Structure formats: C-alpha cells, structure tokens
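# Structural overview
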Amino acid sequence: MLAVVLSLAAAASFALSAMQIASVTGRAGPLQLARWQMGLAFVMTAAASVALGGWRSIDGAGFLYLAGSSAFGIMLATTTYIATIQILGPRLNALVFTLSAPFALALGYLVRGETVTPAQGAGVVLILAGIVVALAARAEDGPGPDRRRLWLGLGLGLVTAMGQAAGSLLARPAMLAGAEPFTAMAIRSGLGALFFVALLALPFARPAARPDHQALTRIGYSALTGIFLGMSLLMAALAHGGVGIVTTLSSTTPILILPMVWFVSGRPPGGMAWAGAALAVAGTAVITLAA
C-alpha cells in the first residue's frame, strides 16, 4: 500500500512540475528555464546527498554512466521537454512523454538483447492510440497550436521520450551498483547545469533578460516538485514495491494532470481527453507489467 501511495504522489509531483513550467511560457525560453531549473535542482539534491553521505556510493564507472545519462536525459531531454510543454501545453506533453516506455522497450531490445512480447507490442499500440485520441480531442479544448507548431511540438516530444529512455538505460548500471538516488540526481543535474551555463558562450543561447521574481519562483517550484520531490518519491516507492507496479502508477501523470488543468483554466477536459490519457496509461501498464 505504501508503494502505491508513493508512486501516485510521484506522478502528481511530475504533473505539478509541468504546470509550473507551462505557467512561465513567454517569460523564459527553454534553455534559460532549463539552466535555472537544473541549477536549483543541483543545489537541492547535492545538499541532500551531503547530509546522507551519498557521495561515497559513487565510483568512477558509476560517475561515467551517470554522466552519459545526464547527456541524454538532462542536457537533451530537459531542453526539448520544456519546449514541448511551451508548445503543446502540459496535458498533451504528458501524453507524448508516455512514448518513453516504448522507446525504453526498443532500446532494451537493441542494446541489451531483451525480448519484446506480444503483450508489450499491444501496449505500444495503446499508447499510440491514446495520443491519436488526444490529438483529436484538441477541438474540445478550443484553439491550440497551428499545424506547423503542432508537428514541431510532437517532434520535440519524440526527442524527449527517446532522450529520457536512453538516460534511464545509462543510469541503470549505476543504480544497480548501489548509487544513492540523491547523489545520482545531483551528478546528473549538476552536469546539466554546467552544460546550460557553458551554452551562454554562444550568442543565440544568451537570454534577452533575466526571468522576473515570479517566474524564478515558479521555476524553483518546478525543480522542487519534479526533480527533488518527484524523483525522491519514485526512488522510495521502488524500495517498497515491485518495479512494474511502481513504474505503472508513477506514469499516471497524463490522468492526474487533467484536474490540474481544469482547476487552472476553469474548463473541464472533454471525454476524449480523458479517454486518450486512459489509453496511454493503460499502454504503459501493459508494457511494464508484461516485462
């Protein structure tokens, strides 16, 4: 029961983080937002790691795996994740993000020689069906991005899902070797923050202005809820429950985000939005539980 509560709390934290990111659209670009978010996340996770003595759990090989995980899961995926939210909105972004499960399945097959069962193939179909239904539901929600921006957002969402899957695959050996979760996230977010700061050397990556106080506060909340709190809850859930159940329940973000969007916008999501989210979550459940 504890694993169920922790997993759902992690999913809710990820949804809250996405809502905070969406709220600063137009006031901070993807690179600028990622720079502040990763910097703040590093401070939080590094402090927790020092308090727990977690740095002793990292060896040279583990650091290299986590560095590779940061390159794909933070430097690449965080940038495209933020851009996807700003283009598609938090609800559709959460659905597209469920594609990380099929991509992880594909990478496991190609890199680790893992088998893909017919049930897992059916899960991929359910996720794709959920995204198609959600795209069809845009008419219920009022005007959204134009066709060109829609395709751009979907493309960035695919990159995010692939980057997240690759980052998880690379982090797995370090975590199996006993890396402390806060320390692992401190390494990943710290290297990501250094990367985004280094990009300031390029003219196109320099922001026109610093985010205002309200935007910085929301960025801080997104780092707190999505990276520090959400990932901590997920690690705690894995310590008390099976991987399949925890992964499935923590992937219910597309459903949990709907009442949040309803609360903020004052407009309830339509039936097709709920159906699309349910199909995507069901697909993730089938892939995970059939592993």
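Residues numbered from 1 in each chain as written. Predicted model: local features only at pLDDT ≥ 70, side-chain atom pairs only at ≥ 80, totals over all residues. Heavy atoms only, no water.

Within the protein chain, the secondary structure is distributed over twelve helices and zero strands. Across the protein chain, helices and strands are ordered from the amino to the carboxyl terminus as α-α-α-α-α-α-α-α-α-α-α-α. Its C-alpha atoms give the protein chain a radius of gyration of 18 Å, within 12% of the compact-globule value 19 Å for 291 residues. Seen along its three principal axes, the alpha-carbon backbone of the protein chain occupies a region of about 50 × 50 × 35 Å. Within the protein chain, residue pairs in contact and separated by at least 24 positions form 88% of the contacts whose partners lie at least 6 positions apart. (Helix = DSSP H or I, 4+ residues; strand = E, 2+ residues; numbered from the N terminus. Rg over C-alpha atoms; globule rule 2.2 N^0.38 Å. Contact = heavy atoms within 4.5 Å.)

If you trace the backbone, T284 turns up in helix α12 (residues 271–289). What makes T284 buried here is its relative accessible area of 3%. (Buried < 20%, exposed > 50% of the residue type's maximum accessible area, 1.4 Å probe, protein only.)

With that settled, the discussion passes to the pattern of salt bridges. As enumerated under the stated definition, the model contains one salt bridge in all. One salt bridge connects D212 with R27, and the closest N-O pair in it is separated by 3.8 Å. Taken together, the residues span a long stretch of sequence, with D212 in the loop between α8 (181–198) and α9 (213–240) and R27 in the loop between α1 (2–23) and α2 (30–52) at a distance of 185 residues. (Salt bridge = Lys/Arg side-chain N within 4 Å of Asp/Glu carboxyl O.)

By themselves these figures say nothing about function.
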